[in-house]
Amino acid sequence: MQQEKYVYRNLPIPGGGYVTGFIFHRKKEGVFYIRTDIGGTYRFEPESRCWISLIDHVTMEDLSETFPIALALDDRHPERLYIACGVHREKAGVIAVSDDYGMHFSYYKIPVLIHGNLNGRGTGYRLLVDKRDSDCLFFASQQEGLWRSKDRGEHWEKIEAFPEDYLTFVGQSEDGTALFVGCAGVTSRRSEKLRGHSLYVSYDDGQTFEELWQPQDGEIEGVRFAGLVAQRYALDEKYLYVTFSIMGKNAYVLENGYSCDGGSVIGGKVVRYPLIGYASNERQGNGQSTHFGLGEEITPGGAKNSPELLEYGFSGIDTAATRPGLVICSTISKEDGDCIFRSMDYGKTWEPVLYDLEIGKLEFRASYMKPCYNGGHSLIHWMTDLKINPFDENEAWFNTGTGVFRTRNLTDEKEVVFSDWCDGLEETVHLNLYSPPKGEVKLIDILGDLGGFAFRDLDTPCDNSFDDAEGNRYITCINADYSDENPDFVAVTPRGNWKGKTKGGLIVSRNQCRTFERLPMPFGITEKLDEALHRIEQPNVNSGWVAVSPDCRKIVWSVAENINLPVDMVVVSRDSGKSFEKVQVYDRAGTRKEQGGFKVFADRMDSSLFYGFGEHSDFYISHDGGRTFRQRELPAKAAFPEVEFTLIDCANKTEVRGETGKQGIFYMALKEHGLWKLHYDAEKDDISVSKLSKEGDIFYRMGLGVLRPNGDYYKEDKAIYTAAVIDGVYGFYRSVDDGKTFVRLNAENQMYGEINSMEGDSQVYGRFYLATGSRGVLYGTPLA
């Protein structure tokens, strides 16, 4: 197959997702990694001061590496990197092992469930290289106990002596003689509402374990599963430090609801344990080994050893290798803004160096992070980890749910300054892409969390994502639609933001996404719709799917119920959104449909025509601008497969594109069912479908672009761009002859993980776009 060399670049956001942990190499300066919940692992390049993705080789066929739960480094071998990752398959976790700083990997299986995006993902470290034996690894699994490998991850055995299955971290004393483990106290629970003990230590290589002291806890009214859970740890030359939190009243998960990503936590504690050496004849002859003394609570900002619970938790903690006594820790789920505390005396006394926008200084390099675009508030949240550079006590980093921040003056007595540092870090989940055929906007990018961006310059970050007149951002949009003749008019389905500053529903722009107005909610049509619309007005609830007619007057909205689009919750406006009525959908027998799903698309040329796709490949047509839809039989001879079209968000596993300049033509990427083309001839009232791909080829995503250099996107046929397996080879492909032949457009290190949508450029031949679930949004261009 012909191959064309391509160059890929990110459309910069940057950041945008939850970074779940840091790890510095303690012996070699400049070796520094982060893990993310859905975007894989990154290595920091000190020279360029940029993050380098280590998952660009990952394909849609196995996304394990995009979901890391733990990283580990070897003190003796700085080039070695270990990653525990997986995609939530039972007994199918993956250990990725690199001997060259993450440039190449070998892969081994570990027979436990691993997923980097499960609740509790901000705790750690879960993966550990034995300080005495570089071949020995320990892994604290998420739900299946403590494991050990004696051959660098190739084979694993469970340490049966450990009393709990739900773990949070594993660590060792500096000499490797004490092995300590944090857990969530699920299988060892004391009652239905109280977790078991959370911190254990072994002094005999895991043969036996004993409890380490922790503050007293108990059942709490209104908390479904109370009890302290050890979150993270740090060591210096005198102490082991451990942070603890308790599930809060607003937690929406149970067993794994022990960190801020479970909804809420309370009752935060910080405890230190003195390191005690004593003579051991069993392991090291007459050498010294380490025991931990009685723990002492050193919680900042609260009454120590008090039965009164703090209304927030603690998570991140670290010590400075170059400054004895320097300790920092972070709060989580603090309603009035999370805080970083600093101690210069081993935790005896503390002072806050960062608190919301009041203490410390936050300098925002990424425009969308600025308080003016976040309701006047700091967007810092989910600050579950922080680390001090082991070679520079003034450099520290902390994570958030939207990227990473660093300071270069941590020990400053006057004001510590933090700034986001996400250069190269693109961890947003993108859902749908659109290349308008005219206007200033080159790409409309619909994505999770941040909502949407309209890129007028592909290499420059947008000032803000889609927002209201006050600059308050909408979040997670599901799709957008516009008229090809008038792409200034854009309709979008956003969620309302977490702070309630914006509400979900339908928003429209009349100036190609420069400004938006929220349309009135169509209350009063049916009771079920009213209930759904009220839910959508709550923070972070899916709005649905929208289609816009070429004349911009008809708007059909499939209102969402979670990730579904119920057929009895579709409404239509015939006056650009001023008023709505319920859409009537009829099956082939003429009976009104009230069950099942329904996703709507507009004809790209005829404002009277809309099309509905159902959950079993049922197909519907409206001739009256979306008021009524009637089911039509697809030609039996085409053997069209049964496909679920009506899911949205990341659950959507199809891609459907209407062709600009043509009436009634749709292209469909249907995964293992291949690539298809549908044509509805309105004059003849005739439907035809044809399969464009060979049997056995898999088409994940597709988009349409201009056919040739200086081509006419409106009048000519289109180039097809697709993420597919063709002739057994996964990659990105282009066809200029309606799928008869394809050219491959990527190399083995240009895969970029999960692809949620593809789009060809409507104005520049050869350029196309990738909406990833792992690596941001990228565009590819032919190598000059």
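Each value, and the rule that gives it
- Residues numbered from 1 in each chain as written.
- Predicted model: local features only at pLDDT ≥ 70, side-chain atom pairs only at ≥ 80, totals over all residues.
- Heavy atoms only, no water.
- Phe/Tyr/Trp six-rings, centres within 6.5 Å; stacked < 30°, edge-to-face > 60°.
- Helix = DSSP H or I, 4+ residues; strand = E, 2+ residues; numbered from the N terminus.
- Buried < 20%, exposed > 50% of the residue type's maximum accessible area, 1.4 Å probe, protein only.
- Lys NZ or Arg CZ within 6 Å of the ring centre and 35° of its normal.
- Core = buried A, V, L, I, M, F, W, Y, C linked by side-chain atoms within 4.5 Å.
- Contact = heavy atoms within 4.5 Å.
- pLDDT = per-residue confidence, 0-100.
- Pairing = 2+ DSSP bridges.
- Axes fitted to C-alpha atoms, helices over the stretch in contact; angles between N-to-C directions.

Another aspect to go through is the packing of aromatic side chains. Counting across every chain of the model gives 52 aromatic pairs. Both rings, one in Tyr-6 and one in Phe-768, keep their centres 5.7 Å apart while their planes meet at 50°; by these two values the pair is tilted. Of this pair, Tyr-6 sits in strand E1 (residues 6-10) while Phe-768 sits in strand E57 (residues 768-772); the two residues are 762 residues apart in sequence, bridging distant segments of the chain. Just as Tyr-6 is buried, Phe-768 falls in that class too. Look at Phe-314 and Phe-341: their rings are 6.2 Å apart centre to centre, the planes differ by 45°, and that puts the pair in the tilted class. With Phe-314 in strand E23 (residues 313-319) and Phe-341 in strand E25 (residues 339-343), the pair connects residues that are 27 residues apart, well separated along the chain. Given the relative accessible area of 0%, Phe-314 is considered buried. Residue Phe-341 is classed as buried on the basis of its relative accessible area, which comes to 9%. One aromatic cluster is present, built from ring pairs that chain together Tyr-6, Tyr-8, Tyr-700, Tyr-721, Tyr-730, Phe-732, Tyr-752 and Phe-768. Its end group placed over the ring of Tyr-346, Lys-238 keeps NZ or CZ at 4.7 Å from the ring centre.

By size, the foremost hydrophobic cluster in this structure holds 49 residues, and its most contacted members are Trp-51, Ile-340, Trp-397 and Phe-398. The contacts of Trp-397, once residues within four sequence positions are left out, are Phe-22, Phe-24, Phe-32, Phe-44, Trp-51, Asp-385, Leu-386, Lys-387, Val-404, Phe-405, Arg-406 and Trp-421. The next biggest cluster of nonpolar side chains, apart from the first, holds 39 residues, and it includes Val-570, Leu-634, Ile-648 and Leu-678.

Further remarks concern unusual backbone geometry. Going from Gly-124 to Tyr-125, the amide bond is cis rather than trans, its omega being 5°. Here Tyr-125 shows up in the loop between strand E9 (106-110) and strand E10 (127-129). Despite not being glycine, Ser-333 has its phi angle at roughly 60°, a positive value. Tracing the backbone through its elements, the reader meets Ser-333 in the loop between strand E24 (327-332) and E25. Here Ser-333 falls in the buried class, since its relative accessible area comes to 16%. A positive phi is found at Asp-685, a non-glycine position, where the angle reads about 50°. With respect to the helices, strands and loops of the structure, Asp-685 is situated in the loop between strand E50 (675-681) and strand E51 (686-691).

Checked against the element boundaries, Asn-756 lands in strand E56 (residues 755-760). What Asn-756 contacts, discounting residues up to four positions off in sequence, is Val-429, His-430, Leu-431, Glu-655, Arg-701, Ala-771, Thr-772 and Gly-773.

This paragraph deals with the confidence of the model for the protein chain. Here the protein chain averages 95 in pLDDT, and 98% of its residues register 70 or above. Throughout residues 279-286 the model reports pLDDT below 50, and contacts reaching past four residues in sequence, or to other chains, amount to 13 contacts.

Take the sheet that holds strand E49 (residues 665-669) next. The strand order across the open sheet built from four strands is E48-E49-E50-E51, with neighbouring strands paired in antiparallel fashion. Looking at the sheet topology across the chains shown, the edges are occupied by strand E48 (655-658) and E51. Neighbour-to-neighbour, the strand axes of this sheet turn through a mean angle of 20°, independent of strand direction. Here E50 pairs with E51 via six bridges, running antiparallel. Considered in E51, the bridge of Asp-681 is made with Asp-686.

A large share of E23 lies buried, amounting to seven of its seven residues. Taken together, the five bridges between E23 and E24 define a ladder with antiparallel strand orientation. Each bridged residue has a counterpart across the sheet, and for Thr-319 the counterpart in E24 is Val-327.

What follows covers the sheet that holds strand E40 (residues 555-559). Taken in spatial order, the four strands of this open sheet run E39-E40-E41-E42, and their pairing is antiparallel. Among the strands making up the open sheet, the edge pair consists of strand E39 (544-548) and strand E42 (581-582). As judged from the four bridges shared by E40 and strand E41 (residues 570-573), these two strands associate in the antiparallel manner. Bridging across to E41, Ser-558 finds its partner in Val-570. The sheet strands contacting helix H1 (residues 527-536) are E40 and E41, and the helix crosses E40 at an angle near 85°.

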